[in-house]
Amino acid sequence: MRGLALDRDRVMTASALLLLCVLAAQADEEQPDPLARAFALFAEMDLEIQQAMIQDIHARLAEIEDPGLADLLDLRERARRELAVKPWPGACFFEPSIYAPVQQARSFVPAGGPDAAAQYELIRPWENAPQYFRRVRYDYARNHAFDLGSPPAPSQSLADLLYGYPPDADLLIAWLEQQFDHERSLDAIADYFEHAYCDRAGNCYSEITIYDAFASQSQVEMSDVDVIAYARLVLRDRSYVSPIPPDARRQRLYDRIRDGFLDYFKSRVLTEAAANLFVNPETPLRDEHEGLRNRLLVTFALADSSVERIRARLIQAGDRDSFIAAIDALTEKDAGLFHAGEAWQRERNRVRWLVANAARSVLRERGCLAE
């Protein structure tokens with residue numbers, strides 16, 4: 001299960017947004033950015049006023065008569081009905097007593113301590129986190145969602161609304177991930193990589209998963225505990241015991257772990273990209289995954305925004321490489337499909353502007369925004 005430093009992530013996100021706004025306002029003291037100033041004024045208000053303003057924005061969105069926005073909000077309500085959401089049980093790691101009794105005991109290091117900070121900077125788990133506030137998170141091993149606990153601060157809600165995310169975008173995107181995640185053969189691998197990352201000294205990091213460690217492409221330590229856990233739980237091979245001799249057999253096991261990660265990584269990246277781009281086609285992607293954007297936009301256009309049709313196309317393709325090949329074959333025959341994808345993107349962005357403008361209008365009426 002994925003370990004997250006929830007409070008730290010949320011504070012970092014909100015603080016970073018506020019800092020960016022303040023810096024933008026200070027960039028030209030004679031002509032500060034109006035939206036940056038509005039955000040800063042909002043952040044200084046009493047909590048009750050902030051919450052009331054967020055509710056005003058939600059009410060304003062409910063009053064807008066627009067088919068595109070209505071469709072998106074209807075999908076969110078469908079997500080609310082269909083998505084199983086369970087309480088987050090917390091991060092966990094593989095126990096040495098089970099997989100490698102000769103190894104030393106493990107424990108979580110303080111999330112705010114220097115050891116955790118050093119690993120956090122090395123592995124960069126934030127690269128696998130969304131840009132919006134996420135309370136509800138889809139779990140790729142269990143195929144349901146977890147409620148991570150605390151609701152967003154009003155400043156985070158406002159930031160998401162100003163960026164065009166509908167209310168409860170995290171719930172909607174988690175449901176979309178569930179719809180698009182179809183490779184059940186990877187569930188055991190997903191469970192493995194969602195465990196907390198631990199170094200060879202027995203230090204475990206609640207905010208970093210084994211998935212984060214591998215995705216970082218950094219040189220990270222792998223304990224016999226975690227290596228043997230993969231052999232037993234994924235490969236169903238109980239022949240490995242600690243200490244594992246440094247021979248060709250150990251290397252083959254390492255190679256199997258890397259291969260398993262790559263299969264899971266490709267599947268998860270495609271699923272996450274599809275869910276996120278469906279709601280926000282401007283969602284940042286890693287440079288090496290940017291090629292998925294236009295292919296997915298074409299897919300959305302071909303499916304006429306039908307979640308069921310998108311899922312069917314992903315299932316038909318089988319895996320990420322086959323999906324890319326299938327879409328490329330279609331666009332090679334008909335380059336006009338790229339224009340269809342661009343048109344879909346413009347329409348979704350138009351809906352995002354409706355959300356953002358509703359937030360702006362409330363800020364303006366409350367005297368925060370002067371444009």
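Quick caveat, the model's predicted, so the values are computed rather than measured.

**Describing the overall build of the protein**
Step number 1: A tally of helices and strands in the protein yields 16 helices and six strands.
Step number 2: The C-alpha atoms of the protein give a radius of gyration of 23 Å, which matches the 21 Å a tight globule of 371 residues would have.
Step number 3: Taken over the C-alpha atoms alone, the protein extends approximately 70 × 55 × 40 Å along its principal axes.
Step number 4: Out of the 371 residues in the protein, the part that is buried amounts to 51%.
Step number 5: A fraction of 75% describes how many contacts in the protein between residues 6 or more apart in sequence connect residues 24 or more apart.
Step number 6: As displayed, the protein offers around 17400 Å² of accessible surface, 51% of which is attributable to carbon and sulfur atoms.

**Describing unusual backbone geometry**
Step number 1: Residue P243 follows S242 across a cis peptide bond; omega there is 0°.
Step number 2: Along the chain, P243 falls in the loop between α11 (224-233) and α12 (248-279).
Step number 3: Backbone geometry places N143, a non-glycine residue, at a positive phi of 60°.
Step number 4: Locating N143 in the fold gives a position in the loop between β3 (136-139) and β4 (144-147).
Step number 5: At D304, a residue that is not glycine, the phi angle is positive and equals roughly 55°.

**Some thoughts on the state of the cysteines**
Step number 1: Under the definition given, this model contains one disulfide.
Step number 2: Between the sulfur of C198 and that of C204 lies a disulfide, 2.2 Å long from S to S. Disulfide C198-C204: torsion about the S-S bond near 105°, hence right-handed.
Step number 3: Using a relative accessible area of 0% as the deciding quantity, one classes C204 as buried.
Step number 4: Here C92 stays free of any disulfide, with the sulfur of C198 as its closest cysteine sulfur at 9.5 Å.

**A look at the side chain of E194**
Step number 1: Tracing the backbone shows E194 in the loop between α9 (187-193) and β5 (196-198).
Step number 2: Side chain to side chain, E194 and R268 meet in a polar contact 2.7 Å long.

**Description of helix α4 (residues 67-82)**
Step number 1: An ideal rise of 1.5 Å per residue puts 22 Å on 16 residues; α4 measures up with 22 Å between its terminal C-alpha atoms.
Step number 2: Considered for burial, the residues of α4 that qualify are G68, L69, L72, L73, L75, R76 and A79. For α4, the angular spread of buried residues about the axis comes to 150°, placing them on one side. Exposed side of α4, more than 90 degrees from the buried face: P67 and R81 are the residues found there.
Step number 3: Tucked into the core, α4 has its buried residues touching α3 (47-63), α8 (169-180), α12, α14 (307-317) and α16 (336-365).
Step number 4: Measuring from the backbone nitrogen of G68 back to the side-chain oxygen at the start of α4 gives 3.0 Å, which picks out D66 as the cap.

**Some remarks on the packing of α12 against helix α15 (residues 320-333)**
Step number 1: Running from amino to carboxyl end, α12 crosses α15 at an angle of 50°, the nearest separation of the two axes being 9 Å. What the angle tells us is that α12 and α15 run oblique. Residues K266, V269 and L270 of α12 form the contact with α15, whose own contacting residues are R320, D321 and F323.
Step number 2: Classifying every residue of the contact of α12 with α15 by side-chain character gives three nonpolar, no polar and three charged.

**Observations concerning the pattern of salt bridges**
Step number 1: With the rule as written, the count across this model stands at 23 salt bridges.
Step number 2: Residue R366 is joined to D56 by a salt bridge in which the shortest nitrogen-to-oxygen separation is 2.8 Å. In this pair, R366 sits in the segment after α16 while D56 sits in helix α3, placing the two residues 310 residues apart along the sequence.
Step number 3: The closest approach of N and O atoms between R142 and D191, which form a salt bridge, is 2.9 Å. You can see R142 sitting in the loop between β3 and β4 and its partner D191 sitting in helix α9, a full 49 residues away along the chain.
Step number 4: The class of R142 is partly exposed, set by a relative accessible area of 31%.
Step number 5: Through salt bridges that share partners, R76, E77, R80 and D168 make up one connected network.

How each quantity is defined
- Residues numbered from 1 in each chain as written.
- Predicted model: local features only at pLDDT ≥ 70, side-chain atom pairs only at ≥ 80, totals over all residues.
- Heavy atoms only, no water.
- Helix = DSSP H or I, 4+ residues; strand = E, 2+ residues; numbered from the N terminus.
- Rg over C-alpha atoms; globule rule 2.2 N^0.38 Å.
- Buried < 20%, exposed > 50% of the residue type's maximum accessible area, 1.4 Å probe, protein only.
- Contact = heavy atoms within 4.5 Å.
- Areas by Shrake-Rupley, 256 points an atom, 1.4 Å probe, with all protein chains shown as cover.
- Disulfide = S-S within 2.5 Å.
- Polar contact = N/O pair within 3.5 Å; in protein donor to acceptor, adjacent residues only side chain to side chain.
- Expected span 1.5 Å × (residues − 1).
- Arc of directions from axis to C-beta.
- Axes fitted to C-alpha atoms, helices over the stretch in contact; angles between N-to-C directions.
- Parallel < 35°, antiparallel > 145°, perpendicular 65-115°, else oblique.
- Nonpolar A, V, L, I, M, F, W, Y, C, P; charged D, E, K, R; others polar.
- Salt bridge = Lys/Arg side-chain N within 4 Å of Asp/Glu carboxyl O.

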